[in-house]
Amino acid sequence: MKLMVLPCDGIGPEIMSATLEVMEATSKRFDLGLVFLEEESGFTSLKNHGVTLREEVLDRARSEFDGVILGTQSHMDYPPLVEGGRNVSAGFRIGLDLYANVRPARTRSFIPNKAPGMDLVIMREATEGFYPDRNMYKGVGEMMPDRNMALSVRKITREGSMRICREGFKLAMQRKKKIAAIHKANSFLMTDGLFLECFREVAKDFPEVECEEFIVDAFAALLVRKPEAYDVVVATNFYGDILSDLASELSGSLGLAGSINANAETGLCCAQAQHGSAPDIAGKNIANPTSLILSAAMMLIWLGEQRGIQKLIDAGEAIAETVDQVLDDPAKRTRDLGGTVNCDDFGRFVAAAVATKELSSQPA
Ligand code: ATP
């Protein structure tokens, strides 16, 4: 299986290196035959190719690879698009039509947190919404008619809403058969109204799933008040982005949550940390690589489920379990969690533990 690897900017190279150490050990232990091929992106690509993400990289990801592991990008520091500053993350989401951004947030009793008992997954739409680079056929969805006025356009489609809601319900069927739709249809009658209409339409195909609907601002408060009450949460792009950061920070740290971007129809998947490029700590070997390691594990599980390959699922679950075992020991935590361990050492601890992991089932 071939995986494209793009370390990108900031702490990206450090957390990628720790993640690859874990993935190599996992591949060996579970006989996965993973092959990793690195591609340039971000500032390295800008320097060498004049653009932060080349179209040919996307073409290759689409046609030659089984999955992508994407590091972090310093998008805010990129030059304008005309000077080569292309949003790498959006490039993958749009270019590969990775509409489902799956973002779990789970508290661990042994990590200080603000949301005891929380264990939810935010299913965030990722190819439309308020994001100006993904809601126009030509041009961008943000404009300034004069220097004192800025306008923004939001795109919500029936197709986009139906498919993300369907993914949400499918996930709910695998979990607690419970789903919450997030909207603000009281104000955005047409856009959020359309999303809600699609949610109710898809719900008819999943009669076993208990459905709830929440207005986004109220849900932000409820998530803090009773975080244990929710399971699968389906949301449009912008709401899902904000709520997932809230949920993962409540779980203890932004650095603890994995995430994938996926398309169930094409089978394409990209693992990506939930946090940003953390320029303040880049190059110091102190970042916490947990988020990217767990993202890579999620991708293995997702690919395993898509393709019916049990050993990929076992391998992904083994990584997630091992990360928890390592985190359980305060002496093995990185600085953001109050420990003293370096980024590469954390990767080594996880890799070493995975390498001796008990195999629960025979390779398929
Ligand atoms: P960007 O511009 O790429 O979004 P940012 O610094 O504005 O970067 P984040 O990268 O999400 O946003 O970082 C927010 C804070 O959390 C920073 O202080 C950063 O150092 C810290 N942080 C983020 N990720 C990690 C991590 N993996 N390990 C440790 N600290 C992290």
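Please refer to the structure higher up on the page.
Q: Can you walk me through the overall build of the protein chain in this structure?
A: When helices and strands are tallied, the protein chain shows 11 helices and 12 strands. When the backbone C-alpha atoms are referred to their principal axes, the protein chain occupies close to 55 × 50 × 40 Å. When the 364 residues of the protein chain are sorted by exposure, 55% land in the buried category. Of the contacts made within the protein chain by residues no fewer than 6 positions apart, 74% connect residues no fewer than 24 positions apart. If you sum the accessible surface of the protein chain, you get close to 15,700 Å²; carbon and sulfur atoms cover 54% of it. Distance from the positive charge centre (40 side chains) to the negative charge centre (51 side chains) of the protein chain: 1 Å.

Q: What's the story with the site of the ligand in this structure? I'm lost.
A: As a structural note, the neighbourhood of the ligand is formed by Ile 11, Gln 73, His 275, Gly 276, Ser 277, Ala 278, Pro 279, Asp 280, Ile 281, Ala 287, Asn 288 and Asp 336. One of the side-chain nitrogen or oxygen atoms of His 275 is found 3.2 Å away from a nitrogen atom of the ligand. In this structure, an oxygen atom belonging to the ligand sits 2.7 Å away from a main-chain N or O atom of Ser 277.

Q: Could you clarify how one ought to interpret the pattern of salt bridges in this entry?
A: Pairing of side chains with opposite charge becomes possible as their charged atoms draw close. The full count for this structure, using the stated rule, is 27 salt bridges. Note that Glu 321 is salt-bridged to Lys 357, the shortest N-O span being 2.9 Å. Taken together, the residues Glu 321 in helix α10 (residues 310-327) and Lys 357 in the segment after α11 (343-355) connect sequence positions 36 residues apart. One salt bridge in this structure joins Asp 344 and Arg 348, with 3.6 Å as the shortest N-O distance.

Q: Sorry if this is basic, but what is going on with the packing of aromatic side chains here?
A: Geometrically, a pair of aromatic rings is defined through the distance of the ring centres and the angle of the planes. Counting across every chain of the model gives 9 aromatic pairs. Between Phe 214 and Phe 219, the aromatic rings sit 5.4 Å apart at their centres with planes inclined by 40°, giving tilted as the arrangement. You can call Phe 214 buried: its relative accessible area is 14%. Aromatic pair Phe 219 and Tyr 230: ring centres 4.8 Å apart, planes at 65°, arrangement edge-to-face. Within this pair, whereas Phe 219 is found in helix α7 (residues 216-225), its partner Tyr 230 is found in the loop between α7 and β10 (232-235), the two being separated by 11 residues in sequence. Tyr 230 shares its class with Phe 219; the two are buried. The ring of Phe 349 is capped by Lys 332, whose NZ or CZ atom sits 5.2 Å from the centre of that ring.

Cut-off values and rules
Residues numbered from 1 in each chain as written. Predicted model: local features only at pLDDT ≥ 70, side-chain atom pairs only at ≥ 80, totals over all residues. Heavy atoms only, no water. Helix = DSSP H or I, 4+ residues; strand = E, 2+ residues; numbered from the N terminus. Buried < 20%, exposed > 50% of the residue type's maximum accessible area, 1.4 Å probe, protein only. Contact = heavy atoms within 4.5 Å. Areas by Shrake-Rupley, 256 points an atom, 1.4 Å probe, with all protein chains shown as cover. Lys, Arg positive; Asp, Glu negative; His and termini not counted. Charge placed at Lys NZ, Arg CZ, Asp CG, Glu CD. Near = heavy atom within 4 Å. Polar contact = N/O pair within 3.5 Å; in protein donor to acceptor, adjacent residues only side chain to side chain. Salt bridge = Lys/Arg side-chain N within 4 Å of Asp/Glu carboxyl O. Phe/Tyr/Trp six-rings, centres within 6.5 Å; stacked < 30°, edge-to-face > 60°. Lys NZ or Arg CZ within 6 Å of the ring centre and 35° of its normal.

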